[in-house]
Amino acid sequence: MNYAIALMPGDGIGPEVAREAVRALDAIGRRFGHHFEFREGLVGGAAIDATGDALPEETLAIAKRADAILFGAVGGPKWDDPRARTRPEAGLLALRRSMGLFANLRPVKVAPELRDASPLKSAVIDGVDLIVVRELTGGLYFAEPKRRWDTSRGRRAVDTLKYSEQEIRRVLQVGFDLARGRRGRLASVDKANVLASSRLWREVAQEMAEQNPDVTVSHILVDACAMMLLQRPMDFDVIVTENMFGDILTDEASVLAGSMGLLPSASLGTRRIRKRGGGLFGMYEPIHGSAPDIAGRGTANPLAAISSAAMMLRLSLNLTGEADALEAAIDAALAAGYRTVDLASAGITEASARTVGTTDMADAVIERIENPERARVPRPL
């Protein structure tokens with residue numbers, strides 16, 4: 001089967017980790033008889049430099065013709081002028097909205113080999129397996145008015161936090177469906193004691209809880225959730241929350257796994273791809289940023305990007321066996337002691353230590369794709 005993948009490497013370490021994800025997918029294609037055709041588009045700062053626009057029309061057209069999007073990262077100090085007409089992140093936001101990608105899935109699972117990579121005690125993080133569903137196209141990031149202006153008393157700015165019942169309901173439904181296939185627990189996170197938008201969120205969540213009695217629902221204030229993620233992360237199964245809260249909480253949750261360089265994400269809408277048996281169209285990207293301080297050094301961890309490719313295989317292309325094989329190869333490489341610098345020597349003895357760069361880590365994964373007898377049993381999403 002042939003698949004068209006829109007490749008958007010972006011800025012900083014984005015091209016470095018995206019390149020390794022492409023190599024891993026090519027290895028999966030060779031093993032299982034698929035062909036992945038990558039069509040590259042400019043986005044973010046690279047696109048601003050080339051065209052003046054963070055999301056050129058040509059890139060958007062590539063996305064619309066693709067079966068899925070594989071995304072790197074955008075941004076960097078070069079484009080950080082607050083007075084600039086556009087910023088790299090505007091390209092990512094526009095892509096999400098243009099493609100109708102409203103639900104961002106961010107799984108967090110602690111690999112036994114990486115317990116030492118987290119600053120938290122093993123007793124706290126052992127067995128953590130949760131997924132955060134972040135609403136992606138509403139809230140402060142998108143709602144109008146959004147502007148900045150000068151007054152006689154100084155500079156001012158405004159952002160608007162706005163949600164509709166329909167936006168809340170559709171992302172909560174994603175959470176309920178996920179929870180039903182996992183451990184049956186959903187935490188709806190809001191700030192209902194202060195924000196009118198959160199009070200609407202909670203009201204809709206309470207109504208949907210009554211309509212989904214097979215899922216146990218809890219309602220948690222975002223500040224309490226932030227504390228509980230570090231104190232009792234095992235209490236969580238599926239977390240659903242609004243855009244900005246989800247952005248912050250998932251960066252915090254990366255501490256549980258040991259590094260942001262490990263965590264993938266999927267951004268999904270409602271459109272199904274046209275391939276036979278295809279799943280939902282989506283964009284797949286590591287949750288980390290462009291990390292300009294290490295760009296070009298060959299030290300970035302590619303596993304979040306490669307794991308994002310595995311999510312693409314599973315959720316958009318409906319290639320479950322292929323996704324299992326890729327995730328098993330990642331597990332096997334970690335079990336063999338391969339570590340990028342962000343993981344240091346976590347969970348390995350001096351004798352088995354293998355501190356490697358970006359390409360060598362990907363090589364370790366690809367070797368285990370090509371030699372499946374060296375891969376362990378895959379982990380579930």
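Residues numbered from 1 in each chain as written. Predicted model: local features only at pLDDT ≥ 70, side-chain atom pairs only at ≥ 80, totals over all residues. Heavy atoms only, no water.

Chemist: Now, about the packing of aromatic side chains: what can you tell me, with residues and values included?
Modeler: Applying the stated criterion to the full structure yields two aromatic pairs. Both rings, one in Y3 and one in F36, keep their centres 5.8 Å apart while their planes meet at 25°; by these two values the pair is stacked. In this pair, Y3 is assigned in strand β1 (residues 2-10) and F36 in strand β2 (residues 35-40), connecting sequence segments 33 residues apart. Neither Y3 nor F36 differs from the other in exposure class; each is buried. Between the aromatic rings of Y163 and W201, the centroid separation amounts to 5.9 Å while the plane-to-plane angle is 80°, which identifies the pairing as edge-to-face. Of the two residues, Y163 sits in the loop between β7 (154-158) and α6 (165-180) while W201 sits in helix α7 (residues 196-211), which places them 38 residues apart along the sequence. Residue Y163 is classed as buried on the basis of its relative accessible area, which comes to 10%. Across the ring face of W149, the terminal group of R147 is positioned such that the distance to the ring centre comes to 4.0 Å. One Lys or Arg, R354, reaches over the ring of Y338 and ends 5.0 Å from the middle of that ring. (Phe/Tyr/Trp six-rings, centres within 6.5 Å; stacked < 30°, edge-to-face > 60°. Helix = DSSP H or I, 4+ residues; strand = E, 2+ residues; numbered from the N terminus. Buried < 20%, exposed > 50% of the residue type's maximum accessible area, 1.4 Å probe, protein only. Lys NZ or Arg CZ within 6 Å of the ring centre and 35° of its normal.)

Chemist: Give a description of the confidence of the model for the protein chain that names residues and reports values.
Modeler: Here the protein chain shows a mean pLDDT of 93. Residues at 70 or above account for 96%. With pLDDT under 50 throughout, residues 377-381 is counted as low confidence; its partners more than four residues away or in other chains account for 15 contacts. (pLDDT = per-residue confidence, 0-100. Contact = heavy atoms within 4.5 Å.)

Chemist: Lay out the packing of helix α1 (residues 14-32) against helix α10 (residues 303-315) with the relevant residues and their values.
Modeler: Between α1 and α10, whose axes approach to 8 Å, the crossing angle comes to 45°. In terms of orientation, α1 and α10 fall into the oblique class. Relative to α10, α1 is oriented so that their crossing is right-handed. Taken together, the residues of α10 that come into contact with α1 (itself represented by V17, E20, A21, A24, L25 and I28) are A305, I306, A309, M312 and L313. Residues belonging to the contact of α1 with α10 are distributed by class as follows: 10 nonpolar, no polar and one charged. (Axes fitted to C-alpha atoms, helices over the stretch in contact; angles between N-to-C directions. Parallel < 35°, antiparallel > 145°, perpendicular 65-115°, else oblique. Left-handed = near helix turned anticlockwise from the far one by under 90°. Nonpolar A, V, L, I, M, F, W, Y, C, P; charged D, E, K, R; others polar.)

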